[in-house]
Amino acid sequence: MRTSKLCLIPLGCSARWRFFGAFASGFEERVARFWTAERLHALCTKHAELPLAPNKPGVAPLLRIMGLMGADARISHDSLRKFQQVNAVFLAVERALETALQRRTKRPLRLLEMCAGKSYLAILLAFASEHRWRRPCHIIAVDRCSKRTAASTEKAMLLGLGHSICFRHVELRHLGEWPEEYRKAFPELKRDGLLGDGWQGKDKERPRPPHCALALHACDVAADEALSQAVRARAELVVIAPCCQAELGNKWARLAAEGASSHPFSLIHRTSSLRQETAAHITDAMRIALLRASGYSVTATEFVPGTCTPKNRLVVGSKLTSAEHAARARSMALRELASLKNATGGQSILLEDLLALD
């Protein structure tokens, strides 16, 4: 951080910006009184470091504007769960981007957040890029709700981060190709002669892939659409935390209703509680196989305790740079996917259709 009192609002702004600047200063003083060493220790027990620890310069107004902290400087029980999730995903992204972040360059980080919701991650990543990583960033945050994208735009402007984030109101399946979306979102690259900072190709007209594509709690098939968009964009890093899963479970329910009782998995097909939970795990296993078949090395971990959210699986894929390794991974992953489908009833998930890997 540059100073103990970080100014988040640009100079030469309207009365509303000046009002917010005064609010930020007073609010940080209130936060400093409330968040004693004991309270901070209790908050940080689960993590050695919290990027959004309330005592860090500039973070209190950020949390307040994001809606994670109340006017009294407290973080409610419900907000605390989201606070923990956002911190954990941010740290996972930061660790995975370590090599890119260590490069001495003025080139912007290129990030794509899908199913952004209230855009907690996009706003935090823009804040971190400016004040933690000290390099510019370009973030496209996509959500299907116009009210949410409008509210997120307002929050980013209040925090002085509007130049770093483009909020897109669009259904994920209708999102355009990455190069075109990036050109539209950040036309100043070409206008200001900064093509080398974000563009490549013989004519310097094609944007480079995103450094990271991510989605926190994309629901059901939206997770498949997010993964498909990440692969299409050739993202160097894919980070996704799936949420509820229904597609595969519904297919299994139809098999049970059709009386396909001879399959070894038919007992699970017929038992609702077993069916939904098992289908969720198999769905993520298929996603991992398909992501590996698309040229990524993949890990799956629990990014927060189950008490924070039962949907605590984080899938992280890193683009393989060796064509030989990618080909071997593809062959093995497709064999494993076929075996998994056969073993569980012959059904697949939307992601396989979207990627069309055969």
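Thresholds, definitions, all that
- Residues numbered from 1 in each chain as written.
- Predicted model: local features only at pLDDT ≥ 70, side-chain atom pairs only at ≥ 80, totals over all residues.
- Heavy atoms only, no water.
- Helix = DSSP H or I, 4+ residues; strand = E, 2+ residues; numbered from the N terminus.
- Buried < 20%, exposed > 50% of the residue type's maximum accessible area, 1.4 Å probe, protein only.
- Contact = heavy atoms within 4.5 Å.
- Phe/Tyr/Trp six-rings, centres within 6.5 Å; stacked < 30°, edge-to-face > 60°.
- Lys NZ or Arg CZ within 6 Å of the ring centre and 35° of its normal.
- Salt bridge = Lys/Arg side-chain N within 4 Å of Asp/Glu carboxyl O.
- Pairing = 2+ DSSP bridges.
- Axes fitted to C-alpha atoms, helices over the stretch in contact; angles between N-to-C directions.
- Parallel < 35°, antiparallel > 145°, perpendicular 65-115°, else oblique.
- Left-handed = near helix turned anticlockwise from the far one by under 90°.
- Nonpolar A, V, L, I, M, F, W, Y, C, P; charged D, E, K, R; others polar.
- Core = buried A, V, L, I, M, F, W, Y, C linked by side-chain atoms within 4.5 Å.
- Right-handed = clockwise from strand over helix to strand, strands pointing away.
- Expected span 1.5 Å × (residues − 1).
- Arc of directions from axis to C-beta.

### Description of the overall build of the chain
Alright, step 1. If you tally the helices and strands in the chain, you get 16 helices and nine strands.
Alright, step 2. A burial count over the chain gives 51% of its 358 residues as buried.
Alright, step 3. Looking at the chain alone, contacts between residues at least 24 apart form 73% of all its contacts between residues at least 6 apart.

### Considerations on the packing of aromatic side chains
Alright, step 1. Summed over all chains, the structure comprises five aromatic pairs.
Alright, step 2. With a centroid separation of 5.2 Å and an interplanar angle of 85°, the aromatic rings of F34 and W35 are classed as edge-to-face. In terms of burial, F34 and W35 fall into one category: buried.
Alright, step 3. Through a chain of ring-to-ring contacts, the aromatic side chains of W178, Y182 and F186 assemble into a single cluster.
Alright, step 4. Positioned above the aromatic ring of F34 is the side chain of R39, whose terminal nitrogen or guanidinium carbon lies 4.0 Å from the ring centre.

### Side note on the pattern of salt bridges
Alright, step 1. One pass over the structure, following the stated rule, counts 14 salt bridges.
Alright, step 2. As a salt-bridge pair, R132 and E94 come within 2.6 Å of each other at their nearest N and O atoms. A residue pair is termed long-range when its members are at least 10 positions apart, and R132 in the loop between α6 (120-131) and β2 (137-143) and E94 in helix α4 (residues 77-96) qualify at 38 residues.
Alright, step 3. Using a relative accessible area of 28% as the deciding quantity, one classes R132 as partly exposed.
Alright, step 4. Linking R328 and E324 is a salt bridge whose minimum nitrogen-to-oxygen distance equals 3.0 Å. In this pair, R328 and E324 both sit in helix α15 (residues 323-344), four residues apart, roughly one turn of the helix.
Alright, step 5. A residue is classified by how much of its surface remains accessible, and E324, at 55% relative accessible area, is exposed.

### Observations concerning the sheet that holds strand β7 (residues 237-242)
Alright, step 1. Pairing is mixed across the open sheet formed by seven strands, whose spatial order is β3-β2-β1-β6-β7-β9-β8. Each edge of the sheet is formed by a strand with only one pairing partner; in this case those strands are β3 (165-169) and β8 (296-302). Put simply, the sheet's adjacent strands are angled 15° from each other on average, direction ignored.
Alright, step 2. As paired strands, strand β1 (residues 109-113) and strand β6 (residues 212-218) are joined by three bridges and run parallel to one another. Residue pairing for β6: L112 is matched across the bridge by A213.
Alright, step 3. Where helix α8 (residues 178-185) meets the sheet, it contacts β1, β2 and β3, and its direction lies at approximately 110° from that of β2.
Alright, step 4. Sheet contacts for helix α11 (residues 221-232): β6, β7 and β8; angle to β7, the most-contacted strand, approximately 180°.

### Quick notes on the environment of I65
Alright, step 1. Along the polypeptide, I65 turns up in helix α3 (residues 59-66).
Alright, step 2. For I65 and L159, which are 94 residues apart along the polypeptide, the C-alpha to C-alpha distance reads 7.9 Å.

### Observations regarding the packing of helix α14 (residues 272-293) against α15
Alright, step 1. Orientation of α14 relative to α15, taken along the N-to-C sense of each, is 155°, at an axis distance of 7 Å. By the angle between their directions, the pair α14 and α15 is classed as roughly antiparallel. Seen along the crossing, α14 lies across α15 with a hand that is left-handed. Contacts between α14 and α15 involve I282, A285, M286, A289, L290, R292 and A293 from the first element and A329, R330, A333, L334, L337, L340, K341 and T344 from the second.
Alright, step 2. In the contact of α14 with α15, the residues fall into eleven nonpolar, one polar and three charged.

### Quick notes on the nonpolar core
Looking at soluble globular proteins, one finds that nonpolar side chains tend to be buried together.
Alright, step 1. W35, I165 and V239 are the most contacted members of the largest nonpolar core, which totals 62 residues.
Alright, step 2. If you tally residues by element for this core, the top one is α6, at nine residues.
Alright, step 3. Discounting residues that sit within four places of it in the chain, V239 has contacts with V89, V93, C212, A213, L214, A215, L314, V315 and V316.
Alright, step 4. Core analysis: the second largest hydrophobic core is formed by 48 residues, C166, A233, L248 and L255 among them.

### What about the pairing of β6?
Alright, step 1. β6 sits mainly inside the fold: seven of its seven residues count as buried.
Alright, step 2. Here β6 runs beside β7; their pairing, made up of six bridges, is parallel. From the neighbouring strand, A215 faces β7, where its bridge partner is I240.
Alright, step 3. This β-α-β element, β6 to α11 to β7, shows right-handed connectivity.

### Some thoughts on α15
Alright, step 1. Here α15 is 22 residues long and its end C-alpha atoms lie 31 Å apart, about the 32 Å a rise of 1.5 Å per residue gives.
Alright, step 2. Buried residues of α15: A326, A333, L337, K341 and T344, and no others. Around the axis of α15, the buried residues are gathered within 75° of arc, so they sit on the same side. Seen from the buried face of α15, the exposed residues on the opposite side, beyond 90 degrees, are E324, R335 and N342.
Alright, step 3. Elements that come into contact with the buried residues of α15 comprise α12 (247-257), α13 (266-270), α14 and α16 (350-355).
Alright, step 4. In the segment just after α15, G345 is the residue with positive phi, at about 125°.

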